[in-house]
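Geometric and topological summary
Chain by chain, the residues:
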Amino acid sequence: MRRLTLLMVIGSVLFLVFAGCSSQEQKKQSHLTKGKEYFDKGEYKAARIELKNVVQIDPKFIPAQLLLAETDLKLGDAQAAFRAYSVVAELDPANTEAQLKLATFLMLAQKFDESRQRVDGILAREPNHIEALLLLAALFDTRRTFSRPATFSAR
């Protein structure tokens, strides 16, 4: 009798755990779908809310992090976008989109060496990646500009 009761309790707990997991997965997908719909309509604040719900359920869900980063850029929140791209780059170092965006942010922050490392990583995987090559050229040009001594003319 005790054995039967114990098995029923364990079975009930397992049922609840698995039911909760599928429910969380359904919620995650529902929020992601809504977030994409809002993003496509240009309703970026609503999209951000839905995508933050996804990330709250699963912080390692890369598609939601990427769309959240793009949404944050559309809303003009560069810091939040940088954080989301950083999460993606940490979870998937080979994610070219996140690495390229981070390299751009780093270049704009005049962190040229860090930016160059990310660009080099992209080009090591994809030597003909046009955007990475353009960013590399911009890095060279920017570094050259910043390394020139300032000249002032006396009037």
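Position labels on residues start from 1 in each chain and follow its written sequence. Predicted model: local features are reported for residues with pLDDT of at least 70 only, side-chain atom pairs are reported and counted for 80 or more only, and whole-chain, interface and lining totals are derived from all residues. Think of the side-chain values as coming from all heavy atoms in the structure, minus any hydrogens and water.

Moving on: helix α6 (residues 112-125). Per the convention used, a helix needs a DSSP run of H or I reaching at least four residues, while a strand needs a run of E reaching at least two, with both numbered from the N terminus. To estimate how far a helix should reach, multiply one less than its number of residues by 1.5 Å. Its 14 residues give α6 an end-to-end C-alpha distance of 20 Å, which sits within 8% of 20 Å, the value for a rise of 1.5 Å per residue. Partly exposed residues are those whose accessible area sits between 20% and 50% of the maximum for their type, while under 20% is buried and over 50% is exposed, using a 1.4 Å probe and protein chains only. Buried within α6 we find F112, S115, V119, I122 and L123. Each buried residue of α6 lies within a common arc of 95 degrees when the element is viewed along its axis, so the set occupies one face. Away from the buried face of α6 by more than 90 degrees, exposed residues D113, Q117 and A124 are located. Arc definition: directions from the helix axis to the C-beta atoms.

A few words on the packing of helix α2 (residues 44-57) against helix α3 (residues 62-74). Closest axis-to-axis distance for the α2/α3 pair is 9 Å, and the angle between their directions is 150 degrees. Judged on the interaxial angle alone, α3 and α2 are roughly antiparallel. For the pair α2 and α3, the crossing hand works out as left-handed. Residue-level contacts link Y44, A47, R48, L51, K52, V54 and V55 of α2 to A64, Q65, L67, L68, T71, D72 and K74 of α3. Lines fitted to the C-alpha atoms define the axes, with helices restricted to the stretch that makes contact. Angles between their N-to-C directions range from 0 to 180 degrees. An angle below 35 degrees is read as roughly parallel, one above 145 as roughly antiparallel, one from 65 to 115 as roughly perpendicular, and any other as oblique. Two helices crossing with the near one rotated counterclockwise from the far one by less than a right angle form a left-handed crossing, whereas a clockwise rotation gives a right-handed crossing. Throughout, a residue-residue contact means that at least one pair of heavy atoms, one from each residue, lies within 4.5 Å.

Unusually for a residue other than glycine, Q110 sits at a positive phi of about 60 degrees. Locating Q110 in the fold gives a position in the loop between α5 (96-108) and α6. Looking at Q110, the relative accessible area reads 46%, which means it is partly exposed.

So, on to the side chain of T96. When you line up the elements, T96 lands in helix α5. A residue is classified by how much of its surface remains accessible, and T96, at 15% relative accessible area, is buried. Within polar-contact distance, the side chain of T96 engages the side chain of E126 at 2.7 Å. Apart from residues lying up to four places away in sequence, T96 is in contact with I122, R125, E126 and H129. Pairs of N or O atoms within 3.5 Å make up the polar contacts considered here, provided that, within protein, one atom can donate a hydrogen while the other can accept it, and that residues adjacent in sequence are counted only when both atoms are side-chain atoms.

On to the pattern of salt bridges. Working definition: two side chains of opposite charge can pair if their charged atoms are close together. By definition, a salt bridge exists where a carboxyl oxygen of Asp or Glu is found within 4 Å of a side-chain nitrogen of Lys or Arg. Applying the stated criterion to the full structure yields six salt bridges. The residue E25 makes a salt bridge to K28 at a minimum N-O spacing of 3.4 Å. A residue pair is termed a helical-turn pair when its members lie 3 or 4 positions apart in one helix, as E25 and K28 do in helix α1 (residues 2-41) at three residues. The class for K28 is buried, based on a relative accessible area of 6%. Put simply, E70 and K101 hold a salt bridge, and the shortest N to O gap is 3.6 Å. Taken together, the residues E70 in helix α3 and K101 in helix α5 connect sequence positions 31 residues apart. Classification of K101 as partly exposed rests on a relative accessible area of 29%.

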